[in-house]
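Residue-level structural notes
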Amino acid sequence: MIKIASIEVYQIDLPIKEGRYSWSNDNSVSIFDSTVVKIITNLDIIGLGEVCTLGPAYLPAYPEGVRAGIKKFGKALLGLDPTELTKINSVMDANLKGHNYVKSPIDMACWDILGKYTKQPIWKILGGKFGKDVDLYRAISQDRPSIMSKKVKKYKKEGFPEHFGHVISGIMFRRHNEQDCINVMKTWWEEIKYHSHLCQLSLGYSFWKNDFKWNWLPGDIRSFPDIVHQGPHTGKL
């Protein structure tokens, strides 16, 4: 029987090369505080999960809360079967009410383990492929009109499609050892490091830049019963 042997939690700073990302009410962030969770099982199968909030002024979630929250229920998960997702989430709920963003990287890591343990891709476990491609759109930090215009011109000059579209991309499953995925992740990191940290902007660009083909999960993450969602945006630009 597979069991959770240990849980490791890492804090990673993701600086914004362009200085900061700004939005309404004079809010801004210059460094993303990301939390990566590594779950190790007794069978040496490892699962990874991550959560990176945009600060407490953007959503009801803050990075320090992730690490503090995991301490509240982490020990209770040791010895449990990580492939029993319903039980895992019930134990987390019993030890910490609410704060679903804290539990999300644990949930991701357990899904990662489930896929590896059953030797199936996660998209198949969650219901199968839906479509062959998806449109994305690129967002730009709120700033002076002249600066925002300069960014748009840069993207157009590179040939990035004007109507590339947008997808709700809160959950991703990746095969990090495959070269096409590695190429996309390298491009994505360069975008985050030097240009834009927003997934709506940087991830879509990275897909397009590497001519990467991906699949999406069926349904809407905002209403999917097994995936935590924080809720709609409430601020206005």
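Let me sum up the structure you'll find in this document. (Residues numbered from 1 in each chain as written. Predicted model: local features only at pLDDT ≥ 70, side-chain atom pairs only at ≥ 80, totals over all residues. Heavy atoms only, no water.)

**Focus on the packing of helix α1 (residues 63-77) against helix α2 (residues 85-95)**
Where α1 meets α2, the closest approach of the two axes is 9 Å, and the angle between their N-to-C directions is 135°. Relative to α2, the element α1 lies oblique. Pair α1 / α2 crosses with right-handed handedness. Contacts from Lys 72, Phe 73, Ala 76 and Leu 77 in α1 reach Ile 88, Val 91, Met 92 and Asn 95 in α2. Among the residues making up the contact of α1 with α2, the classes are represented as six nonpolar, one polar and one charged. (Axes fitted to C-alpha atoms, helices over the stretch in contact; angles between N-to-C directions. Helix = DSSP H or I, 4+ residues; strand = E, 2+ residues; numbered from the N terminus. Parallel < 35°, antiparallel > 145°, perpendicular 65-115°, else oblique. Left-handed = near helix turned anticlockwise from the far one by under 90°. Contact = heavy atoms within 4.5 Å. Nonpolar A, V, L, I, M, F, W, Y, C, P; charged D, E, K, R; others polar.)

**Looking at unusual backbone geometry**
In the Ramachandran plot, Lys 119 falls in the positive-phi region, its phi being about 55° despite a non-glycine side chain. Its location among the elements puts Lys 119 in the loop between α3 (100-118) and α4 (122-125). Overall, the relative accessible area of 74% leaves Lys 119 in the exposed class. Even without a glycine there, the phi angle at Asp 211 is positive, about 50°. (Buried < 20%, exposed > 50% of the residue type's maximum accessible area, 1.4 Å probe, protein only.)

**Some remarks on α3**
An α-helical turn contains 3.6 residues, so any two residues separated by three or four positions project in the same direction. The end-to-end C-alpha separation of α3 is 26 Å, in line with the 27 Å expected for 19 residues at 1.5 Å each. Looking one or two residues past α3, Lys 119 carries a phi angle of roughly 55°, positive in sign. (Expected span 1.5 Å × (residues − 1).)

**Describing the nonpolar core**
With 27 residues, the main nonpolar core has Ile 39, Phe 73, Leu 77, Ile 88 and Ile 106 as its most contacted residues. Among the secondary structure elements, those contributing two or more residues to this core are β4 (31-41), α1, α2 and α3. It is α3 that provides the largest number of residues to this core, a total of eight residues. Residues in contact with Phe 73, not counting those within four places in the same chain, are Met 92, Asn 95, Leu 96, Val 102, Lys 103 and Ile 106. (Core = buried A, V, L, I, M, F, W, Y, C linked by side-chain atoms within 4.5 Å.)

**Examining the pairing of strand β5 (residues 46-52)**
Taking every second residue as pointing to the same face, the buried face of β5 carries Gly 47, Gly 49 and Val 51, while none of Ile 46, Leu 48, Glu 50 and Cys 52 on the other face is buried. Pairing analysis gives seven bridges linking β4 to β5, with the strands arranged antiparallel. Paired with Val 37 across the two strands is Gly 49, which belongs to β5. Hairpin geometry of β4 and β5 is characterised by an intervening segment of four residues between the two adjacent antiparallel strands and by a positive phi of about 65° at Asp 44. (Pairing = 2+ DSSP bridges.)

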